[in-house]
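# Structural description and commentary
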Amino acid sequence: MLSIRDLKVVFNDRVVLSVPKAIFNNNSIILGPNGSGKTTLLKTIVGFYKQSQGSIEVDGVDINRASAPRLLSTNIETAYVLPGARLDDLVKIYCSAFNCNLQEVQQLLSYIKPKAKEFWKLSTGEKKWFATILALYANTKVTLLDEPFEDLDPGLVKKLVEEIHKFSKQKQIVLTLHSVYLLKEFNDWDLFFIFDGIVYGSIKSQEVFSMEIVPGSDPEAVLTFKFHGEEYSLAKSKGKGIAIREISDIAQLYARSKLG
């Protein structure tokens, strides 16, 4: 279980992330448009960014005070930058540190057949595949995946969905998305939303396709959130707002006149 309480991250005297309370009991998705704070949240959880206040715990262990290894793994590229290391060496170092099955990892990494021999020279999609596979195969309690399907071709997306489901039975996975259509691949997962650096939720992923977003506070809302400084509600579809099933990318909400 991943739990966050009273978390704030401040850059240049501006609060960029605020999470009063978020409890991730199960495999979970955090859905939000680009720039909403998804990556900032994950980078803060793994320690790349320092929080101004609050606590982050994995199974009751404060990650900022933990001496126990292998609590978290992530596909954030910063974790895989090791100057001078060739890809083969990087895989061996990582698998040794996180008790990965080296042979299985190498087999999955061969799907992309990169020409480059160093991580920083890989294409954007190759980096994503490389980092995501290593993060999944790491022997950790929780794996955090930031937009794992971004820049992958359809064949790799399909294979990655399979791998994520396989490991979701062995450990907890929390992933971020901006693509609404991919939620259908994870129907029984918990779904959180993030807008303007604030986390809301959760509901079950499969429920969202029968819902719509309407302006204001709806008394029957499943949840309410702030968006561009205005309040909106996620409620059962009644034809009053934007049906979630009508959009493929959560960023489309910015451009829809009903919310503008």
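The structure reproduced in this document is the subject of the present report. (Residues numbered from 1 in each chain as written. Predicted model: local features only at pLDDT ≥ 70, side-chain atom pairs only at ≥ 80, totals over all residues. Heavy atoms only, no water.)

This brings us to the overall build of the protein. Along the backbone of the protein there are five helices and 14 strands. Taking 260 residues into account, the globule formula puts the C-alpha radius of gyration at 18 Å, and the protein, at 19 Å, falls close to it. Projected onto its principal axes, the C-alpha coordinates of the protein cover approximately 55 × 40 × 35 Å. When burial is assessed residue by residue, the protein has 51% of its 260 residues classed as buried. Total accessible area on the protein stands at roughly 12600 Å², and carbon and sulfur atoms take up 46% of it. Distance between charge centres in the protein, computed from 32 positive and 30 negative side chains, equals 3 Å. (Helix = DSSP H or I, 4+ residues; strand = E, 2+ residues; numbered from the N terminus. Rg over C-alpha atoms; globule rule 2.2 N^0.38 Å. Buried < 20%, exposed > 50% of the residue type's maximum accessible area, 1.4 Å probe, protein only. Areas by Shrake-Rupley, 256 points an atom, 1.4 Å probe, with all protein chains shown as cover. Lys, Arg positive; Asp, Glu negative; His and termini not counted. Charge placed at Lys NZ, Arg CZ, Asp CG, Glu CD.)

Turning next to the sheet that holds strand 13 (residues 230-236). Taken in spatial order, the four strands line up as 12-13-11-14 in an open sheet, and their pairing is antiparallel. If you trace the sheet from one side to the other, it starts and ends with strand 12 (223-227) and strand 14 (242-243), each paired once. The pairing of strand 11 (residues 211-215) with strand 13 spans five bridges and is classified as antiparallel. Each bridged residue has a counterpart across the sheet, and for E212 the counterpart in strand 13 is A235. (Pairing = 2+ DSSP bridges.)

Here the focus is the packing of helix 3 (residues 102-109) against helix 4 (residues 124-137). At their nearest, the axes of helix 3 and helix 4 sit 10 Å apart, and the two run at 155° to each other. On the basis of their axis angle, the class for helix 3 and helix 4 is roughly antiparallel. As helix 3 runs across helix 4, the sense of the crossing is right-handed. Facing helix 3, whose interface residues are E104, V105, L108 and L109, helix 4 presents W129, F130, I133, L134 and Y137. (Axes fitted to C-alpha atoms, helices over the stretch in contact; angles between N-to-C directions. Parallel < 35°, antiparallel > 145°, perpendicular 65-115°, else oblique. Left-handed = near helix turned anticlockwise from the far one by under 90°. Contact = heavy atoms within 4.5 Å.)

Right, let's talk about empty space enclosed by the protein for a bit. Summed over the entire model, instances satisfying the criterion amount to one cavity of 30 Å³ or more. Empty space within the largest cavity amounts to approximately 70 Å³. Taken together, Y80, V81, L82, P83, G84, A85, L90, E118, F119 and W120 form the lining of the largest cavity. Taken together, the residues that form the lining of the largest cavity break down as eight nonpolar, one polar and one charged. (1 Å grid on protein atoms, 1.4 Å probe; cavity = no way out; pocket = protein on both sides within 12 Å on 5 of 7 lines; lining within 4 Å. Points joined across faces, edges and corners; volume = space filled by probe spheres on them. Nonpolar A, V, L, I, M, F, W, Y, C, P; charged D, E, K, R; others polar.)

To continue, consider the state of the cysteines. Per the counting criterion, the structure on display carries zero disulfides. Residue C95 stays outside any disulfide, its sulfur separated by 3.7 Å from that of C100, the closest cysteine. Its relative accessible area of 6% is what places C95 among the buried residues. On the accessibility criterion, C100 (11% relative accessible area) is buried. (Disulfide = S-S within 2.5 Å.)

On to the packing of aromatic side chains. The description of two aromatic rings rests on the distance between their centres and on the angle between their planes. Evaluation of the coordinates by the stated rule reveals 17 aromatic pairs. Site record: aromatic cluster; members linked through ring pairs are F193, F195, Y200, F225, F227 and Y232. The cationic tip of K184 hangs over the ring face of F209; the distance from NZ or CZ to the ring centre is 5.3 Å. (Phe/Tyr/Trp six-rings, centres within 6.5 Å; stacked < 30°, edge-to-face > 60°. Lys NZ or Arg CZ within 6 Å of the ring centre and 35° of its normal.)

Most of strand 8 (residues 172-177) sits out of view: six of its six residues are buried. Side chains of strand 8 alternate between two faces, with Q172, V174 and T176 and I173, L175 and L177 buried alike. Bridge analysis of strand 7 (residues 142-146) against strand 8 gives five bridges, and the strand direction is parallel. Following the sheet pairing, T143 is matched in strand 8 by I173. Crossover handedness for the path strand 7 to helix 5 (residues 154-168) to strand 8: right-handed. (Right-handed = clockwise from strand over helix to strand, strands pointing away.)

Relative to the helices and strands, N75 resides in the loop between strand 6 (72-74) and helix 2 (87-98). Reaching out from N75, the side chain makes a polar contact with the side chain of T132 at a distance of 3.0 Å. (Polar contact = N/O pair within 3.5 Å; in protein donor to acceptor, adjacent residues only side chain to side chain.)

Bringing the packing of helix 4 against helix 5 into the picture now. Put simply, helix 4 and helix 5 touch, their axes get as near as 10 Å, and they point 15° apart. Relative to helix 5, the element helix 4 lies roughly parallel. Of the two elements, helix 4 crosses helix 5, and the hand of that crossing is left-handed. Within the contact between the two elements, helix 4 uses W129, T132, I133, L136 and Y137 and helix 5 uses L156, K159, L160, E163, I164, K166 and F167.

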